[in-house]
Amino acid sequence: MTGSRPDREHILSEIRRVADAFGGAAPGRKRFEAETGIRESDWCGVYFVRWSDAVAEAGLEPNELQKASHRDDLVDLLLSIAERLGRVPTYAELDLEHRRDPSVPTSGTFQSRLGTIHERAKWISEYLERHPERREVAQLFFQQASSTESRPTESARRSSVQLEWGAVYLMRSGKYHKIGRSNSAGRRHAELKTQLPEKLELVHEISTDDPVGIEQYWHSRFGSKRANGEWFDLSSADVAAFKRRKFM
């Protein structure tokens with residue numbers, strides 16, 4: 001594809017062709033470029049905002065990785081809007097952005113895909129693992145999540161359930177790692193090391209205002225590597241991913 005940019009219909013037909021060649025599965029961006037020579041710059045911002053939009057228009061269902069990529073696209077767009085405004089945009093401001101530019105999703109899309117303020121902060125934290133250069137503007141969202149906890153709603157004040165700060169820890173004994181939660185990872189380490197035949201090492205801990213939820217997140221993320229209970233057979237890359245988090 002040299003000399004001129006491919007048109008919209010050609011791109012859509014190529015998406016279908018590549019999908020047919022791979023058993024009907026929608027291709028990812030990199031595979032599509034490798035198979036066709038059509039670069040991201042040929043379609044992004046020209047015919048489609050996101051790759052998932054092109055896949056959907058071609059009549060295909062994005063795969064799970066592409067759905068995750070779409071969430072990254074939403075986070076990236078949200079951070080760009082916040083950077084321009086100098087603050088976390090309200091839902092009303094997101095809808096205004098949509099009216100000005102229909103390619104920007106509605107506030108409902110951001111809310112349904114990214115969830116609550118605290119869920120959104122978790123997705124942004126994951127996004128930063130791949131895009132650490134956006135850390136500065138991301139702090140606006142982390143500060144909002146933190147301040148929301150310090151200013152509970154009236155219903156939360158009436159609730160007998162109180163949020164407590166704690167830690168989700170990663171410990172190692174032999175070849176296995178334990179992921180658990182505690183108000184004091186150091187104390188839990190002291191308790192456990194007397195119960196195990198091999199040396200127990202506290203590898204890392206993540207401070208959090210939601211120990212139960214964050215523990216469940218890591219248990220789910222490494223679910224395929226569960227050995228028994230809270231013990232996992234983790235790779236060095238898995239351990240590095242856990243250690244990148246200081247707060248969730």
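Scroll up to find the structure this text is about.
Let me sum up the structure you'll find in this document. (Residues numbered from 1 in each chain as written. Predicted model: local features only at pLDDT ≥ 70, side-chain atom pairs only at ≥ 80, totals over all residues. Heavy atoms only, no water.)

1. Some thoughts on the overall build of the protein
Logical step 1: When you go through the protein residue by residue, the secondary structure sums to 12 helices and 5 strands.
Logical step 2: By residue count, 37% of the 248 residues in the protein fall in the buried class.
Logical step 3: Partitioning the contacts of the protein with sequence separation of at least 6, the portion at a separation of at least 24 is 62%.
Logical step 4: Counting every atom, the protein has about 14100 Å² of accessible surface; 49% of that belongs to carbon and sulfur. (Helix = DSSP H or I, 4+ residues; strand = E, 2+ residues; numbered from the N terminus. Buried < 20%, exposed > 50% of the residue type's maximum accessible area, 1.4 Å probe, protein only. Contact = heavy atoms within 4.5 Å. Areas by Shrake-Rupley, 256 points an atom, 1.4 Å probe, with all protein chains shown as cover.)

2. Side note on the nonpolar core
Logical step 1: Grouped together as the largest cluster of nonpolar side chains are 20 residues, with contacts concentrated most on Leu79, Phe110, Ile124 and Phe141.
Logical step 2: Every element with two or more residues in this core is listed here: α4 (64-85), α6 (107-114), α7 (117-130) and α8 (135-150).
Logical step 3: It is α4 that provides the largest number of residues to this core, a total of 6 residues.
Logical step 4: The next biggest cluster of nonpolar side chains, apart from the first, holds 13 residues, and it includes Ala26, Phe32, Phe48 and Trp51. (Core = buried A, V, L, I, M, F, W, Y, C linked by side-chain atoms within 4.5 Å.)

3. Focus on the sheet that holds strand β1 (residues 166-173)
Logical step 1: On the basis of which strands lie adjacent, the open sheet formed by 5 strands has the order β3-β1-β2-β5-β4 and antiparallel pairing. Here the strands that pair on one side only, and so sit at the sheet edges, are β3 (200-208) and β4 (226-228).
Logical step 2: Looking at chain direction, β1 and strand β2 (residues 176-182) are connected through 7 bridges and run antiparallel. In the sheet register, Tyr169 faces β2, and the bridge partner there is Gly180.
Logical step 3: Those strands touched by helix α11 (residues 211-221) are β1, β2, β3, β4 and β5 (231-232), and its axis lies near 160° from that of β2. (Pairing = 2+ DSSP bridges. Axes fitted to C-alpha atoms, helices over the stretch in contact; angles between N-to-C directions.)

4. With respect to the pairing of β2
Logical step 1: Most of β2 sits out of view: 5 of its 7 residues are buried.
Logical step 2: Turn length for the β1-β2 hairpin, with the two strands adjacent in sequence and antiparallel, is 2 residues, and the turn residue Gly174 shows positive phi of about 65°.
Logical step 3: Sheet topology places β2 next to β5; 2 bridges connect them, and they run antiparallel. If you follow His177 over to β5, its bridge partner there is Phe232.

5. A look at the packing of aromatic side chains
Logical step 1: Evaluation of the coordinates by the stated rule reveals 6 aromatic pairs.
Logical step 2: Seen in terms of ring centroids, Phe32 and Trp51 are 4.9 Å apart; in terms of plane orientation they differ by 45°. Their pairing is tilted. Taken together, the residues span a long stretch of sequence, with Phe32 in helix α2 (residues 29-36) and Trp51 in helix α3 (residues 51-57) at a distance of 19 residues. You'll find Phe32 and Trp51 in the same group, each marked buried.
Logical step 3: Seen in terms of ring centroids, Tyr47 and Phe48 are 6.3 Å apart; in terms of plane orientation they differ by 65°. Their pairing is edge-to-face.
Logical step 4: Owing to a relative accessible area of 24%, Tyr47 belongs among the partly exposed residues under this scheme.
Logical step 5: In this structure Phe48 comes out as buried when scored by relative accessible area, which is 4%. (Phe/Tyr/Trp six-rings, centres within 6.5 Å; stacked < 30°, edge-to-face > 60°.)

6. Focus on the side chain of Thr36
Logical step 1: The residue Thr36 is located in helix α2 in this model.
Logical step 2: Overall, Thr36 belongs to the buried group, its relative accessible area being 12%.
Logical step 3: At 3.1 Å, the side chain of Thr36 and the backbone nitrogen of Ile38 are in polar contact. (Polar contact = N/O pair within 3.5 Å; in protein donor to acceptor, adjacent residues only side chain to side chain.)

7. What about the packing of helix α1 (residues 8-21) against α2?
Logical step 1: In the contact formed by α1 and α2, the axes pass within 11 Å of each other and the chain directions differ by 100°. Relative to α2, the element α1 is oriented roughly perpendicular. Touching Ile11, Glu14, Ile15, Arg17 and Val18 of α1 are Phe32, Glu35 and Thr36, all from α2.
Logical step 2: Grouping the amino acids of the contact of α1 with α2 by side-chain chemistry returns 4 nonpolar, 1 polar and 3 charged. (Parallel < 35°, antiparallel > 145°, perpendicular 65-115°, else oblique. Nonpolar A, V, L, I, M, F, W, Y, C, P; charged D, E, K, R; others polar.)

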